[in-house]
Amino acid sequence: MDYNVSVLIEYFPYFIPAAWKTIEVTALGILLGMVLGLLTAFSRLSKNPLFNVPARLYIFMIRGTPLLLQLLFLYFGLRSILNLEAITSAVIALGIHNGAYIAEIFRGAIQSIAVGQMEAARSLGMTYRKAMIRIILPQAFKRAIPPLGNQFIIALKDSSLASAITIKELLLKAQQLASSNYYMMEMLTIAAIFYLFYTSIFTWLFHKIEEKLAVSGSR
Amino acid sequence: MIKVRELEKWFGKLHVLKGIDLDVNPSEVVVIIGASGSGKSTLLRCINFLEKFKKGTVEIDGKVIDKNNEKMKNEMRTHVGMVFQHFNLFPHMTVLQNVIEGPTQVKKISKAKAVEIGKYYLEKVGLSDKEAAYPSMLSGGQKQRVAIARALGMEPSVMLFDEPTSALDPELVGEVLSVMKDLAGEGMTMVVVTHEMGFAREVADRVIYMDDGLIVEEGTPEEIFNNPKVERTQEFLSQIL
């Protein structure tokens, strides 16, 4: 097998728009996922079945089916009703998918805070809501950082599935170029380099955040 | 100050409090003793409604607290201080922030005034030099003293202590008890659940012995420790003294 290194350099610039597309889908998907995740985590923790039942159902359905299926469902399946653009479908699917996982991350983090913290806050006369905001959530967020970082990296890599609904992100770009220039290995290598670059940035960023939080008061 | 009447509490099928009547007068120090599982901590936690109970009433400062009225319970808690066995300091806040959290967030007094109050109580518990420290940097005894200052920061009319020295290394128990002793000396109304019989004998105005969800015997420290009338009290004391 020939592996042509100079091809890597030659084709690298062609990937830049696709690299942006990957970031766009990932960033918007994560943003939507965070909003959905937080709302769902609180609904899930609520004692009111009006909130916690839909939250459970959402998590059950989304975690129980593949992202690829959800993407196809939203883009092709619901085309006659919603007729969403491919990029919109990709962002929404990635957002809904990650929302379910992020909800469980937040729920776990909130529940991991010792009961005594809530009791101490309530014993000072705080309302449940105030105790949540002032005492529980700041501690829970800190605990959620490592699993959130993990989830963001998964979301980044999962954005490659958007290639199945015609989004020209890194993986689809690599496949398309390879089908015309026959440098399959080289094209996939370029895509891989981009992914590794992104995940390195995520890892570094989360490491910095953890370091910073560790300084301002430990457990 | 505190009037508990016919208080009954179940944990599922377990009947933990079987009808408790308790009166605490202003400036009185009441110490509750008893074996583990006797219901003494649960009783204390029912007084400020951290624990829900099925039957009975709790009256504080002349008001019968409605257990379904969140607002009333929150208001009541602003003048009933509580100190926990495991301190429960807020780990993401400095010592001073821990103490001013209640005054600023619940009583809505200005930060400047709260800091003044906070520093006053930290000095009182002998921790002025630790105000910028985080709880993780303190010893157990220091943590518990901060927790006492935090409760005092709300300027409560009564303080509840739930086994405040049980989680401490033996050499750190003294510093916490000495702060509590000072507090009692200043006329603070206190209800203390503890295994420290020395403290009970020395500081209590009244000692209550609980067993199996009931108050078995109560009286002055001399009466309880020197002449217990009930056989169960005698047995308990002979085991621990």
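Up top is the structure these notes are about.
Fair warning: this is a prediction, and the values are worked out from it, not measured in the lab.

Student: Hey, could you run me through the interface of chain A and chain B in this one?
Tutor: You'll often see interface size given as the accessible area lost when the parts meet. On the chain B side, the residues contacting the 20 residues of chain A number 25 residues. Buried area between chain A and chain B, summed over both chains or domains, comes out near 2000 Å², and the portion from carbon and sulfur atoms is 54%. There are three salt bridges connecting chain A and chain B. Where B:E70 meets A:R122, a salt bridge forms, and the shortest distance between an N and an O atom there is 2.9 Å.

Student: Just to check I follow, could you spell out the sheet that holds strand β8 (residues 189–193) of chain B for this structure?
Tutor: Sheet strands pair by backbone hydrogen bonding; their relative direction is either parallel or antiparallel. All names here are of chain B. Here six strands make up an open sheet; going across it, the order is β6-β7-β8-β3-β9-β10 and the pairing mixed. Of all strands in the sheet, those with a lone pairing partner are β6 (80–83) and β10 (214–219), marking the two edges. Strand-to-strand, the axes of this sheet are offset by a mean angle of 20°, without reference to chain direction. Bridge analysis of β6 against strand β7 (residues 158–162) gives four bridges, and the strand direction is parallel. Considered in β7, the bridge of G81 is made with M159. In the packing of helix α5 (residues 140–153) onto the sheet, contacts are made with β6 and β7, and the angle to β6 comes to roughly 170°.

Student: Can you walk me through the sheet that holds strand β5 (residues 63–64) of chain B in this structure?
Tutor: All names here are of chain B. Overall, antiparallel pairing links the four strands, which are arranged β2-β1-β4-β5 in an open sheet. A single partner strand is all that each edge strand has here, and the edge strands are β2 (14–24) and β5. Where strand β1 (residues 2–11) meets strand β4 (residues 55–60), five bridges bridge the pair, whose relative direction is antiparallel. Looking across to β4, one finds that R5 is bridged to T57.

Student: I'm lost on the packing of aromatic side chains in this one. Help?
Tutor: For any two aromatic rings, the description comes down to two numbers: the centre-to-centre distance and the angle of the planes. All names here are of chain A. According to the stated counting rule, one finds eleven aromatic pairs over all chains in the structure shown. Their ring planes at 15° and their centres at 4.9 Å tell us that F12 and F194 sit as a pair that is stacked. Of this pair, F12 sits in the loop between α1 (5–11) and α2 (16–45) while F194 is found in helix α9 (residues 184–215), placing the two residues 182 residues apart along the sequence. By relative accessible area, F12 is classed as partly exposed at 33%. Since its relative accessible area comes to 9%, F194 is described here as buried. Put simply, the rings of Y11, Y14 and Y183 touch in pairs and so form one group of aromatic residues. Looking at R79, its charged tip hangs above the ring of Y75, at a distance of 4.6 Å from the centre.

Cut-off values and rules
- Residues numbered from 1 in each chain as written.
- Chains lettered and ligands numbered in written order.
- Predicted model: local features only at pLDDT ≥ 70, side-chain atom pairs only at ≥ 80, totals over all residues.
- Heavy atoms only, no water.
- Contact = heavy atoms within 4.5 Å.
- Buried area = accessible area lost by both parts, 1.4 Å probe.
- Salt bridge = Lys/Arg side-chain N within 4 Å of Asp/Glu carboxyl O.
- Pairing = 2+ DSSP bridges.
- Helix = DSSP H or I, 4+ residues; strand = E, 2+ residues; numbered from the N terminus.
- Axes fitted to C-alpha atoms, helices over the stretch in contact; angles between N-to-C directions.
- Phe/Tyr/Trp six-rings, centres within 6.5 Å; stacked < 30°, edge-to-face > 60°.
- Buried < 20%, exposed > 50% of the residue type's maximum accessible area, 1.4 Å probe, protein only.
- Lys NZ or Arg CZ within 6 Å of the ring centre and 35° of its normal.

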